[in-house]
Amino acid sequence: DVKVTQSSRYLVKRTGEKVFLECVQDMDHENMFWYRQDPGLGLRLIYFSYDVKMKEKGDIPEGYSVSREKKERFSLILESASTNQTSMYLCASTKGSTLWTRETQYFGPGTRLLVL
Amino acid sequence: SQELEQSPQSLIVQEGKNLTINCTSSKTLYGLYWYKQKYGEGLIFLMMLQKGGEEKSHEKITAKLDEKKQQSSLHITASQPSHAGIYLCGADPLDSGAGSYQLTFGKGTKLSVIP
């Protein structure tokens, strides 16, 4: 089974702090994604990565950056946390590099971030 | 961009009752995914549908994609408390065999099952 893990389930930070959220997958997947989930807005894609050191902006990248130095690990960085970044953050991955096949995104358990 | 409308937004049913959740798009649905989320947790993949008229079942959950590929339904037979959670549909916006990197998600349907 695919396993996607996230470094923290709950996190409380103060405005202005630098925040790191980490995601690790153990199935040698090429593609990894970061979403945030908010009531009434659903899931929104922040960034995704299709290879080591490669990244693409999603729908709401402002205020976030990402890092993918190793294939299994994808980090989301809040350079200076703000209260409007309080949210549930979900990481996902897909196998990638398979032609003519739609791939299922597998999700981690989520990190609930509260910025005070 | 593609938008997915889920209905109802929330649902409360008595244990043992059947229920249906719908996911509708104004554009063609390619690669329609159903996920379940327990409160405060990640998404668990349920099923993926690609072809018009396709139907898949797993235990007591059946998902269908209509012939026009603009609506999908998720049907639960004889609901149990373990079915409670938020059900989300996600769609691949591209009609390509390889799919795309991004999925568009509906806002979810919250299901409560009363024992």
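Residues numbered from 1 in each chain as written. Chains lettered and ligands numbered in written order. Predicted model: local features only at pLDDT ≥ 70, side-chain atom pairs only at ≥ 80, totals over all residues. Heavy atoms only, no water.

Let's talk about the packing of aromatic side chains
In plain terms, the rule: Paired rings are identified among Phe, Tyr and Trp, the last through its six-membered ring, by centres lying within 6.5 Å, and are further divided according to the angle between planes into stacked (under 30 degrees), edge-to-face (over 60) and tilted (the rest). The secondary structure listing takes helices from DSSP runs of H or I that are at least 4 residues long and strands from runs of E that are at least 2 residues long, numbered from the N terminus. Buried means the residue's accessible area, taken with a 1.4 Å probe over protein chains only, is under 20% of the maximum for its type, while exposed means over 50%, and partly exposed covers the values in between. Only lysine NZ and arginine CZ atoms are considered, and such an atom sits over a ring when it is within 6 Å of the ring centre and within 35 degrees of the ring normal.
Throughout the structure, instances matching the rule amount to 11 aromatic pairs over all chains. Aromatic pair A:Tyr64 and A:Tyr89: ring centres 6.0 Å apart, planes at 65°, arrangement edge-to-face. Of this pair, A:Tyr64 sits in the loop between β6 (54-57) and β7 (65-70) while A:Tyr89 sits in strand β9 (residues 87-94), and the two are 25 residues apart along the sequence. Accessibility expressed as a relative area gives 0% for A:Tyr89, which makes it buried. Seen in terms of ring centroids, B:Tyr35 and B:Phe105 are 6.0 Å apart; in terms of plane orientation they differ by 55°. Their pairing is tilted. Here B:Tyr35, found in strand β4 (residues 30-37), pairs with B:Phe105, found in strand β10 (residues 104-105); they are 70 residues apart in sequence, far enough to count as distant. Of the two residues, B:Tyr35 and B:Phe105, neither departs from the other in class, the shared state being buried. Here a set of aromatic residues connected by ring pairs shows up, and it is made of A:Phe33, A:Tyr35, A:Phe48, A:Tyr106, A:Phe107, B:Tyr33, B:Tyr35, B:Phe45 and B:Phe105. The cationic tip of A:Arg112 hangs over the ring face of B:Tyr39; the distance from NZ or CZ to the ring centre is 5.7 Å.

Focus on the interface of chain B and chain A
Note the following rule: Residues count as neighbours in contact if any of their non-hydrogen atoms are within 4.5 Å of one another. By buried area we mean the combined loss of accessible area, with a 1.4 Å probe, across both parts when two parts are placed together. In protein, a polar contact means a hydrogen-donor-capable atom and an acceptor-capable atom, both N or O and within 3.5 Å, with residues adjacent in sequence counting only if both atoms are side-chain atoms; elsewhere, any N or O pair within 3.5 Å suffices. Lys, Arg, Asp and Glu make up the charged group, whereas Ala, Val, Leu, Ile, Met, Phe, Trp, Tyr, Cys and Pro make up the nonpolar group; the residues left over, Gly among them, are polar.
Between chain B and chain A, the residue contacts involve 25 residues of the former and 25 residues of the latter. Taken together, the two surfaces of chain B and chain A that pack against each other cover about 2100 Å², and 54% of this comes from carbon and sulfur. At the junction of chain B and chain A, the tally comes to 4 residue pairs in polar contact (both at pLDDT 80 or more). Elements with a minimum of two residues in the side of chain B that touches chain A: β4, β5 (43-49) and β9 (85-92) of chain B. It is β4(B) that contributes the most residues to the side of chain B that touches chain A, 5 residues altogether. Grouping the constituent residues of the side of chain B that touches chain A by class yields 12 nonpolar, 9 polar and 4 charged.

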